[in-house]
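# Geometric and topological summary
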Amino acid sequence: MKNIRFTAAIAALALALPLAACGSGPAPAEHGEEGAEAEQGPNGGRLLKDGDFAVEVTVFETGQEPQFRVYASRGGQPVDPGSVQLTMTLRRLGGEVNTFAFKPEGKFLAGQGVVEEPHSFDVEVVAVENGKRHVWKYASPEGRTHITAEAAKAGGIEILTAGPALIGETRELFGTVALDPSARSEIRGQFPGRVVSVTKAVGDYVQRGQLLARIESSESLQVYPVYATVSGVVAERNGNPGNVTGDRALYVITDPAQTSVVFNIFPKDLAVIQPGMRVEIEAMDGTPVAASQLGGYLPEGNAEAGTALVRTSVPNRGGRLRAGMALRGKVVVNAVTVPLAVRTEAIQPFRDFKVVFANFGQDYEVRMLELGRSSPEWTEVLSGIKPGTPYAAKGSFLIRADIEKSGASHDH
């Protein structure tokens, strides 16, 4: 079933509107982009020509950080690198610009700096040799695709912004709904006597000040009224006409809006689950119910289950919670706030990297990540994406599939 949903999602994304993957123009041949139209040089790089003068652009990364290496030639014969002044400018999605100076090193000009991943940019190469200036421009996209807003919506792609997050271990709790202790009110007659009449039955809703019963006082023989002191639902009625009032409350009224969840805490979690921690409460099918804070441990535990008990107040304004319902909660323990994180489900494999896909309008481009701590919801990012960068938090597998389908990734 999961594969069927995956295939259907891919089809929906493909049919919504055509996807234009990467832009035209291959990268240096060391990045191995197929379908390259540019001429390849003797060192396996992109050959840029201007008359009989040419430069061959390569990216060298064997045993070191990626570095531009440029070989100059005239008429097919090598040119002394020391006689060429060369600069290269890279313009990336999102407006980032990288500029590289070059120095002669052996038979080539070596770029002064690391070519950061992804190797996806618009390139401008400027070379001055023998007093003449040569300029070339070309596109070198990698791990990039174009997806219209309509197609992204159809594919379920959702965008978040990379930023700080709370990361820790998630512990799952199980509990049942109970009325909050403050939700129960007992209504008694002011004086002992015989019940003359009652007006409400179990299950009836009453409002504060509403007449509940009339009682004939045993001392004065006068009949006096009993009114509801709170609003709520009649949970008990312990008297009928003719009965004599005793120690038991005549009515018990509960407020169904005042509910709580009593969670079981297993012994292994006692050291880390503390009162005041935030708990995300959901139904057993995963439907969110509410967020609350854990109260204190109750004096008595669950002897049958061998657990301690914690009560958590949960408003029940919609009335969907009923006493005895099973719920579960999620508590994050050993939590720490990290300055930069992404949704764990957004992370995809790409070549030898773990990546997310940065979003710029209708363009999506891979971002190679160095990762730190992780939880089912969030994963810390040590490097690879800048704070504030929009990225595909949901539907990222569709973007990866489209990039792989279009062949818009380079083989390093």
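In this text the structure is predicted, and so the values were computed from the model without any measurement.

### Some thoughts on the overall build of the protein chain
- In terms of regular secondary structure, the protein chain is built from three helices and 29 strands.
- Buried residues in the protein chain amount to 41% of all 412 residues.
- Considering only contacts within the protein chain whose residues lie at least 6 apart along the sequence, 64% involve residues at least 24 apart.
- Element-wise, carbon and sulfur atoms account for 51% of the exposed surface of the protein chain, whose accessible area totals about 21,300 Å².

### Some thoughts on the side chain of Ser120
- On the secondary structure map, Ser120 appears in the loop between strand 7 (108-111) and strand 8 (121-129).
- Looking at Ser120, its side chain comes within polar contact range of the side chain of Arg144, at 2.9 Å.
- A distance of 2.5 Å separates polar atoms of two side chains, one belonging to Ser120 and the other to Glu365.
- Excluding residues that lie within four positions of it along the chain, Ser120 makes contacts with Arg92, Ser140, Pro141, Glu142, Arg144 and Glu365.

### Concerning the environment of Gln362
- Looking at where Gln362 falls in the secondary structure, it is placed in the loop between strand 26 (353-360) and strand 27 (363-374).
- Spatially, the C-alpha atom of Gln362 lies 5.5 Å from that of Thr148, the residues being 214 residues apart in sequence.
- Setting aside residues no more than four positions away along its own chain, Gln362 makes contact with Thr145, His146, Ile147, Thr148 and Ala149.
- At 3.3 Å, the side chain of Gln362 and the side chain of His146 are in polar contact.

### Quick notes on the packing of aromatic side chains
- Counted according to the given criterion, the structure contains five aromatic pairs.
- With 5.6 Å between their ring centres and 90 degrees between their planes, Phe191 and Tyr224 make a pair best called edge-to-face. Pair noted here: Phe191 is in the loop between strand 13 (184-187) and strand 14 (193-198) and Tyr224 is in strand 17 (residues 223-227), with a separation of 33 residues, a long-range link.
- In this structure an aromatic cluster arises from ring pairing among Phe68, Phe100 and Phe121.
- If you follow Arg69 out to its NZ or CZ, it ends over the ring of Phe60, 3.9 Å from the centre.
- Note that Arg343 overlies the ring of Trp378, its terminal NZ or CZ placed 4.9 Å from the centroid.

### Digging into the pattern of salt bridges
- Here the structure, examined in full by the defined rule, presents 25 salt bridges.
- We note a salt bridge from Glu129 to Arg74, for which the minimum N-O separation is 2.3 Å. A residue pair is termed long-range when its members are at least 10 positions apart, and Glu129 in strand 8 and Arg74 in strand 3 (residues 67-74) qualify at 55 residues.
- On the accessibility criterion, Arg74 (30% relative accessible area) is partly exposed.
- Across the pair Arg278 and Glu280 runs a salt bridge, and its minimum N-O distance is 2.7 Å.

### Re the confidence of the model for the protein chain
- Put simply, the protein chain has an average pLDDT of 88, and 90% of its residues get 70 or more.
- Confidence over residues 1-36 falls short of pLDDT 50; this stretch has 77 contacts with residues more than four positions distant or in other chains.

### Digging into the sheet that holds strand 14
- With antiparallel pairing, three strands are arranged side by side in an open sheet as 14-16-17. At either end of the open sheet lies a strand with only one pairing partner, and these are strand 14 and strand 17. Each adjacent strand pair in this sheet contributes to an overall mean axis angle of 30 degrees, direction not counted.
- Here strand 14 pairs with strand 16 (residues 211-217) via five bridges, running antiparallel. Each residue of the ladder has a partner; that of Val195, found in strand 16, is Ile215.

### Here we look at the nonpolar core
- Judged by nonpolar contacts, the single largest core of 23 residues is most densely connected at Val55, Phe68, Leu86, Met88 and Val125.
- Residue assignment for this core shows that the elements contributing at least two residues are strand 2 (53-60), strand 3, strand 5 (84-91), strand 6 (97-105), strand 8 and strand 9 (132-140).
- When sequence neighbours within four positions are dropped, the list of residues in contact with Val55 reads Arg46, Leu47, Leu48, Val70, Tyr71, Ala72, Leu86, Val125 and Trp136.
- Core analysis: the next-biggest nonpolar cluster, separate from the first, contains 18 residues, Leu173, Ala308, Val310 and Leu321 among them.

### Here we look at the sheet that holds strand 19 (residues 251-254)
- Strands sit in the order 13-19-18-15 across an open sheet of four strands; the sheet is antiparallel. In this open sheet, the two edge strands, each paired with only one partner strand, are strand 13 and strand 15 (205-206).
- The pairing of strand 13 with strand 19 spans four bridges and is classified as antiparallel. Across the sheet, Glu186 pairs through a bridge with Val252, a residue of strand 19.

### Quick look at the pairing of strand 12 (residues 163-179)
- Bridge count between strand 12 and strand 24 (residues 326-343): twelve bridges; the pairing is antiparallel. Across the sheet, the residue bridging to Ile167 is Val336, located in strand 24.
- Pairing between strand 12 and strand 20 (residues 258-265): six bridges, direction antiparallel. Bridging across to strand 20, Phe174 finds its partner in Asn264.

Thresholds, definitions, all that
- Residues numbered from 1 in each chain as written.
- Predicted model: local features only at pLDDT ≥ 70, side-chain atom pairs only at ≥ 80, totals over all residues.
- Heavy atoms only, no water.
- Helix = DSSP H or I, 4+ residues; strand = E, 2+ residues; numbered from the N terminus.
- Buried < 20%, exposed > 50% of the residue type's maximum accessible area, 1.4 Å probe, protein only.
- Contact = heavy atoms within 4.5 Å.
- Areas by Shrake-Rupley, 256 points an atom, 1.4 Å probe, with all protein chains shown as cover.
- Polar contact = N/O pair within 3.5 Å; in protein donor to acceptor, adjacent residues only side chain to side chain.
- Phe/Tyr/Trp six-rings, centres within 6.5 Å; stacked < 30°, edge-to-face > 60°.
- Lys NZ or Arg CZ within 6 Å of the ring centre and 35° of its normal.
- Salt bridge = Lys/Arg side-chain N within 4 Å of Asp/Glu carboxyl O.
- pLDDT = per-residue confidence, 0-100.
- Pairing = 2+ DSSP bridges.
- Axes fitted to C-alpha atoms, helices over the stretch in contact; angles between N-to-C directions.
- Core = buried A, V, L, I, M, F, W, Y, C linked by side-chain atoms within 4.5 Å.

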